[in-house]
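Close look at the chain arrangement
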Amino acid sequence: MTDAISASTPADTGQRDWLLPVLAFTTFVIFFQAYMVAPTIPLLSQVMHTSEKTAGLVVPAYLIPYGISTLLYGVIADRFGVHRVMLGSLAAFCIFSFLTAAAQTVEQLIVLRIMAGLGASGIVPLCLTLVGRLYPYEQRGRALGWLFGAMAGGMAFGSPLGAILASAIGWQGLFICVGLAGLVLWGVILRKRTFIRSTARPMPSRIHDILTGYKLLLANPRGARTYLYVLLNAMFHSGVFTWLGLYLEREQHLGSVEIGLSLLGYGIPGFLLGPAIGRLADNMGRARLIPMGLLFGSLAAFSLCFHPPVVIVPLIALVLSLGYDMTQPLFGGIVSALGGQRAGQAMGLNVFTLFVGLGLGSMAFGILIPMGFAMAFAIFAVLELLLALVSISLFSSERPAQTVRPAAQQ
């Protein structure tokens, strides 16, 4: 496929550059509401009169259905148009955010989070797909850095503000606020639907073509290793970060506001440096940065094994976040070069593995907690370290001079 931007006019380029921050802020809101829940687990446990383990299911109840349904949304968008699916998914996000605020029991909360995950999962993968259509590969790192920086920013502000605001406006108020933000963004994207439609035209296909597309993506060694790392790295980061708030409450005896401030470091590198990291990947290649990012994540988890002073927890969260920012956006850049004309399908599979990994990681770490937080952190840190060492060889070909070929030819 010829990159859309290569044949665009200056006016189209202006619209592209205007649309990018809109897509980034939309991504920010989605991740903000996903991560604002984790630090409120102790509060939800109290108000819902249930155990912390049960309240913790609210996190994977959203993330896993979100990841699974992205496979469907990518294919639907390729067939019926990115603009239609994105607007519908964003509308579902708003509706279920408002409904979640009305939940009375933990069972209702879990069901509504499942429905929210199913409905909202067409937004982020299609934002990534649009960036893949709008920017040529050699410029895509910076653009994807904006989106993944927005993801990191959602994590950075979702967790601390989730803990802080929940004590001020209640957990219900959190969902009402993100629902209103989504409603505003829906109106903005609606105004740009014509440009989005012209950029990412529908591409009807048969079921056989869809299945063949997934087969080609996973049969391609470059695609297979990238998707596997997206899954495993997401499991690591979600497992460590989801339960960090509970760790700070139990082991460091912090309150909600203090927990929020301690988690503030997470996401800040991506939020501030996302485009710069993406540009660095474009210039240096991903072969060097990916192992470094995995190593940063492992070191942060190892440091949590030794009951560090609470004053350096924000620094540990910052290093953990830097590990995420130097890996997942770079994997996304590789995936954006694999899909060819079916970029929605390729990116849908990427977001599927990302969110399923986030959900599974949260569940896996929760299972390990009875062994003690130190042991759980150590297990996750060792596994991430192994991923870092193996990645040196697996991603050694991801350099700037590499010629990007269609998935079926690699």
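Counting restarts for each chain, with residues numbered from 1 along the sequence as it is written. Reporting in this predicted model follows two pLDDT cut-offs: at least 70 for local features of residues, and 80 or more for side-chain atom pairs to be given and counted; totals over whole chains, interfaces and linings ignore these cut-offs and use all residues. Here the side-chain values reflect all heavy atoms present in the structure, with hydrogen atoms and water set aside.

This part covers the overall build of the protein. Numbering of helices and strands runs from the N terminus, with a helix taken as a DSSP run of H or I at least four residues long and a strand as a DSSP run of E at least two residues long. A count of helices and strands for the protein gives 19 helices and zero strands. Considering the protein as a whole, with its 410 residues, one finds that 59% of them fall into the buried category. Residue contacts are defined here by distance: any two heavy atoms, one from each residue, within 4.5 Å place the two residues in contact. The long-range share in the protein, meaning contacts at least 24 apart out of those at least 6 apart in sequence, stands at 86%. What sets the accessible areas is the Shrake-Rupley method with a 1.4 Å probe; for residues, cover comes only from the shown protein chains. For the protein, the computed accessible surface area is about 15600 Å², with 70% contributed by carbon and sulfur atoms. Burial classes follow relative accessibility: with a 1.4 Å probe on protein chains only, a residue under 20% of its type's maximum area counts as buried, one over 50% as exposed, and anything between as partly exposed.

Attention now goes to the packing of helix H5 (residues 82–100) against helix H6 (residues 106–120). Working convention: axes come from line fits to C-alpha atoms, limited for helices to the stretch in contact. Angles between N-to-C directions cover 0 to 180 degrees. Between H5 and H6, the shortest axis-to-axis distance is 8 Å and the interhelical angle comes to 170 degrees. By the angle between their directions, the pair H5 and H6 is classed as roughly antiparallel. Counted together, Ser89, Ala92, Phe93, Phe96, Leu99 and Thr100 of H5 and Leu109, Leu112, Arg113, Met115, Ala116, Gly119 and Ala120 of H6 form the full contact between these two elements. Three residue categories are used. Nonpolar comprises Ala, Val, Leu, Ile, Met, Phe, Trp, Tyr, Cys and Pro, charged comprises Asp, Glu, Lys and Arg, and polar comprises the others, including Gly. Of the residues belonging to the contact of H5 with H6, the class tally is nine nonpolar, three polar and one charged. Between 65 and 115 degrees an angle is taken as roughly perpendicular, under 35 as roughly parallel, over 145 as roughly antiparallel, and anywhere else as oblique.

Next up on the list: the environment of leucine 280. Structurally, leucine 280 is set in helix H14 (residues 268–284). For leucine 280, a relative accessible area of 37% corresponds to the partly exposed category. Sequence spacing of leucine 280 and glycine 141 is 139 residues, and the spatial spacing of their C-alpha atoms is 8.0 Å.

Side chains that differ in charge, positive against negative, can pair when their charged atoms come close. Each salt bridge in this description consists of a side-chain nitrogen of Lys or Arg and a carboxyl oxygen of Asp or Glu lying within 4 Å of one another. Scanning all chains against the criterion turns up one salt bridge. We note a salt bridge from glutamate 398 to arginine 222, for which the minimum N-O separation is 2.9 Å. Of the two residues, glutamate 398 is situated in the segment after helix H19 (373–394) and arginine 222 in helix H11 (residues 221–242); the sequence distance between them amounts to 176 residues. As far as the burial class goes, glutamate 398 and arginine 222 line up, both buried.

Look at helix H15 (residues 286–304) against helix H16 (residues 313–325): their axes get within 7 Å of each other, and the N-to-C directions meet at 150 degrees. As judged from the angle between their axes, H15 and H16 are roughly antiparallel. In this structure, H15 meets H16 at a crossing whose hand is left-handed. From H15, Gly293, Phe296, Gly297, Ala300, Ser303 and Leu304 reach across to H16, where they touch Ile316, Val319, Leu320, Leu322 and Gly323. Each crossing is labelled by how the near helix is turned from the far one, with a counterclockwise turn of less than a right angle marking it left-handed and a clockwise turn marking it right-handed.

All right, on to the nonpolar core then. For this analysis, a nonpolar core means a set of buried residues of the types Ala, Val, Leu, Ile, Met, Phe, Trp, Tyr and Cys, connected via side-chain atoms within 4.5 Å. Formed by 127 residues in total, the largest nonpolar core has its most connected members in Phe93, Leu128 and Phe377. Looking at which element gives the most residues to this core, the answer is helix H8 (residues 137–191), with 14 residues. When residues no more than four places from it in sequence are discounted, the contact partners of phenylalanine 377 are Val240, Leu244, Tyr247, Ala301, Leu304, Cys305 and Phe365.

We now examine the side chain of serine 391. Here serine 391 is to be found in helix H19. Among all residues touching serine 391, those that are not within four sequence positions of it are Tyr229, Ile290, Pro291, Leu294 and Ser396.

For histidine 49, which is not glycine, the phi torsion reads 55 degrees and is therefore positive. Assignment of secondary structure puts histidine 49 in the loop between helix H2 (41–47) and helix H3 (52–55). A residue is classified by how much of its surface remains accessible, and histidine 49, at 74% relative accessible area, is exposed. Phi is positive for histidine 253, which is not a glycine, with a value near 60 degrees. Among the secondary structure elements, histidine 253 is positioned in the loop between helix H12 (244–250) and helix H13 (256–262). Residue histidine 253 is classed as exposed on the basis of its relative accessible area of 64%.

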